[in-house]
Amino acid sequence: MDLAYLAQFMRGLHENQRKLHEIKSAYDNLALLGQLLCAGTDISGMRTDFNELAGVLLNQLTQELRKKAVLSLGSNARVAIDILIRNLFERTADIGFLATDTDIRSFAEAVEHDPAVAGDRDQVAALHARFSEYVQKYSVYHNIILLAPDGRVLAQLDRNNPVSACGDPLIGESLNTDQPYVETFRATDLLPNEASPLIYSCRVMSEDGSHPVGVLCLCFRFQDECQRIFRGLVTEDDWAVVTILTPDGRIIASSDIYQFPPGARMEPGVDEECRIMRFAGREYLAATRATQGYQGYAGPGWLGQALSPLNHAFEMAVAHELEQVPASILDGVLETTTLFSSELRDTPVHATNIKRELDRAVWNGNIWLTRDSYALNTSFAKVLLREIGSTGVHTLNVFSESTTSLYETVVSSVLYDCSSQAALAMDIMDRNLYERANDCRWWALTSAFRDILHGHISEDGLQQGRLTEILRTINGLYTVYSNLLIFDASARIVAVSHPGYADLIGQTLQADWVRQTLGLPDTQSYCVSPFTPSHLYANHPTYVYSAAIREPGNGNTPVGGIAIVFDSTPQFAAMLQDALPRKEDGSIVEGAFAVFAEQDGRIIASTDALLESGMKLEISREFFDLAHGEGCTNIVVFRDRYYAVGSRMSAGYREYKSDSDAYRNNEVALVLVPLSKRVIKPEDRESQRCIRPDNYAVHQAGAEEAVEIATFYIGSDWYGVHSNCVIEAIEGQAVIRIPGMPAWVRGWVMHNDQAIMVFDLSSFLPESSQTSKSK
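Residues numbered from 1 in each chain as written. Predicted model: local features only at pLDDT ≥ 70, side-chain atom pairs only at ≥ 80, totals over all residues. Heavy atoms only, no water.

Q: Honestly, the overall build of the protein chain in this entry has me stumped. Any pointers?
A: Looking only at helices and strands, one finds 15 helices and 26 strands in the protein chain. Counting every position in the protein chain, which comprises 775 residues, the buried fraction comes to 51%. In the protein chain, of all internal contacts separated by at least 6 residues, the share reaching a separation of at least 24 is 63%. Accessible surface, the protein chain: about 35,500 Å² in total, of which carbon and sulfur atoms supply 51%. (Helix = DSSP H or I, 4+ residues; strand = E, 2+ residues; numbered from the N terminus. Buried < 20%, exposed > 50% of the residue type's maximum accessible area, 1.4 Å probe, protein only. Contact = heavy atoms within 4.5 Å. Areas by Shrake-Rupley, 256 points an atom, 1.4 Å probe, with all protein chains shown as cover.)

Right, here's the structure in full:
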């Protein structure tokens, strides 16, 4: 990619270009005048050095601005597709379990034996009510359709869908596949009002498992879900657009349908970090990412793509993330950070060398004027020398400002990455726990659970065996749980899914959440335990989600409850691992770690082995005292290092933790990346000597008698000698030792083909100069 072409669109680069161009013009003029004057003021070499360094600096600035823009687009593209694929993974489990639902299977089997059942209003209404209960929990679906094997619609939730029969091949695929589900994304006569619906289907088997009696279809809110993802990535005033593409580049969802309408073809370019793409007569900077997959599921091969108009692509590259960072902290980070390459580190050093060369040229010029009292254009020479000295100071200042801007861009990129990854971690957590709230409520409506708990559980173990069988079937499909439990109205455990917890059967649960569960008012209500150690999870901390199991039929009286034990340790670890910042090669940034914590700072989970669950994360409260869905980014001192920190408060997902949900629990996701290996202390800061632009100018006071003194520093002490005793100051170089000479005779150097003796005056100078010199 042509960086020079991209630089045209980087507004943050233009001011640096202007300042460096002004200095370049000054060097050109001063070099010419210096050559004409022949007063030892030839700065041609320094002009060349400046031009080379200015080119290096602008190239580095361009690369970093590009890198931050690509980081933003690449992050949006990756998050969009990964969040979507995680969601679809949950759907694959849903369809497999729902297809085994007793009420659905019984209805389909009854129709098989007597087609007239399909017209029985009461039975159809009962199944419709069950579908409605399901979608009230799992609101990611907009329709549920039960088909006969011949394609007849037996029942569906959406009564406005004008379909009574279906001839789509998905029916045959669902009936004959050896896979647990069929995923269909294309036009179908099953949903004629949608261009490309996403449907998950599975055959419904007879009670004895001998043959299929129907096909169940779950119709996913694909466009609705994509827009929810996009809104979390792109703000209203953002120029970026996020799309989802098929493997061949067809847009199937877009955050801006006017710029990038669904159905349009794009160039995926998934093998490139980013590319310039032309679409509808406009140039865009684009990044395309494939999904990382989730638990072996990679979806239909879709891609995430993020684009921004080229003339706006680099606006976010300005280091706004640093606005809240205290100046003292930022100064310490810029001086100690390990983020910068040696090339970045060397830029100020090279600028200082150029200024030192200019200072030496001015110093020698003044000596030349003092020594040659008959020199022509003396006044002009003095002005020229003063301008050269001022240009040296200006050069150092501009390079200092530009280098600082470059450093800040690098640091702000890390802060941006921490912020976006913390938001990703929180989004993953909210979406995951949304599913847990749904699961416990839906499973509590299982007819077998209601029937068995409403009656008397026999001593022969048959009913308990039936409960255990169902729980194990569920747990086999939903592996995010370590155990599932059924308890009766007296809180006594009657069945578990995990054989290792069979000794719990017969025990009475004492936790507060059990009492609350048995008092829940309706089928939409659920309960969540605090995140504390539980004997239901080997005394490790976890969340237990629960819902009341109610009497059969339309009754609302609780007859027991179901508790689902979230396998928090590996699940939270996997979420945080997926949210860790990564390098361009895909490896995790060294020293980075992520944390889930409660609002009081108590750790829920962490990727850092030293930060265990239950410990407090001792950093500023600003990262925790956040509003719903709010984030915070800053730099802190932690473990005697500077860390970039991004945090995000839980925002919930759909109904979960919304205004209609009684459950509230303010979790915070944090991502921390080390910026240095040490913290700089105030006493360690280098004292910066203020150099006045006219230090090297020669001042003469009219007709008054004056003595010309050539001054210089040794350590922090200022010395001078009569100017007529000085020939020239030369660049330091290796000294050749002379055997047998006194200690104050250091040796000799070659200059203009002459051997010049070098003396070490340290033994003749005050102790303060010697100490300063040794430093």
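Q: How should the pairing of strand β1 (residues 141-147) be read in this particular structure?
A: Residues in a regular strand point their side chains to alternate faces of the sheet. Along β1, 7 of the 7 residues are buried, which leaves the element largely enclosed by surrounding structure. As paired strands, β1 and strand β5 (residues 212-220) are joined by 6 bridges and run antiparallel to one another. Counterpart to Leu147 in the pairing with β5 is Val215. Judged from the 3 bridges that link them, β1 and strand β2 (residues 153-156) form a sheet pairing that is antiparallel. Each residue of the ladder has a partner; that of Leu146, found in β2, is Ala155. Following β1, the chain reverses through 5 residues before pairing antiparallel with β2; Gly151 in that reversal takes a positive phi of roughly 100°. (Pairing = 2+ DSSP bridges.)

Q: Help me understand the side chain of Glu435 in this model?
A: In this fold, Glu435 is placed in helix α10 (residues 378-443). Of the residues examined, Glu435 reaches a relative accessible area of 3% and is grouped as buried. In this view, Glu435 contacts Glu90, Arg91, Tyr138 and Tyr481; residues no more than four positions away in its chain are not counted.

Q: Looking at this structure, how should I read the pairing of strand β7 (residues 251-254)?
A: Of the pairings in the sheet, the one linking strand β6 (residues 241-245) to β7 comprises 3 bridges and is antiparallel in character. Counted as the bridge partner of Ile244 is Ala253 from β7. With antiparallel pairing between neighbouring strands as the criterion, β6 and β7 make up a hairpin whose turn holds 5 residues, including Gly249 at a positive phi of roughly 95°.

Q: Just to check I follow, could you spell out the pattern of salt bridges for this structure?
A: Counted under the stated rule, the structure contains 30 salt bridges. One salt bridge connects Arg78 with Asp82, and the closest N-O pair in it is separated by 3.9 Å. One end of the pair, Arg78, and the other, Asp82, are both in helix α3 (residues 44-98), 4 residues apart, so they sit about a helical turn from each other. An identical accessibility class is assigned to Arg78 and Asp82; each is buried. (Salt bridge = Lys/Arg side-chain N within 4 Å of Asp/Glu carboxyl O.)

Q: I would appreciate a short explanation of the environment of Leu303 in the present structure.
A: Within the secondary structure, Leu303 is located in strand β10 (residues 303-309). Accessibility expressed as a relative area gives 7% for Leu303, which makes it buried.

Q: Would you take a moment to explain the packing of α3 against helix α7 (residues 222-233) for this structure?
A: The geometry of a pair of packed helices is captured by two quantities: the angle between their axes and the separation between those axes. Two elements in contact, α3 and α7, have axes whose closest approach is 10 Å; the angle formed by their N-to-C orientations is 140°. Classed by the angle they form, the pair α3 and α7 counts as oblique. Handedness of the α3/α7 crossing: right-handed. Taking contact as the criterion, the partners of Asn76, Val79, Ala80, Ile83, Leu84 and Asn87 in α3 are, on α7, Phe222, Glu225, Cys226, Ile229 and Leu233. (Axes fitted to C-alpha atoms, helices over the stretch in contact; angles between N-to-C directions. Parallel < 35°, antiparallel > 145°, perpendicular 65-115°, else oblique. Left-handed = near helix turned anticlockwise from the far one by under 90°.)

Q: I tried to follow the side chain of Thr92 on my own but got confused; where do I start?
A: With respect to the helices, strands and loops of the structure, Thr92 is situated in helix α3. Residue classification places Thr92 among the buried positions, given a relative accessible area of 12%.

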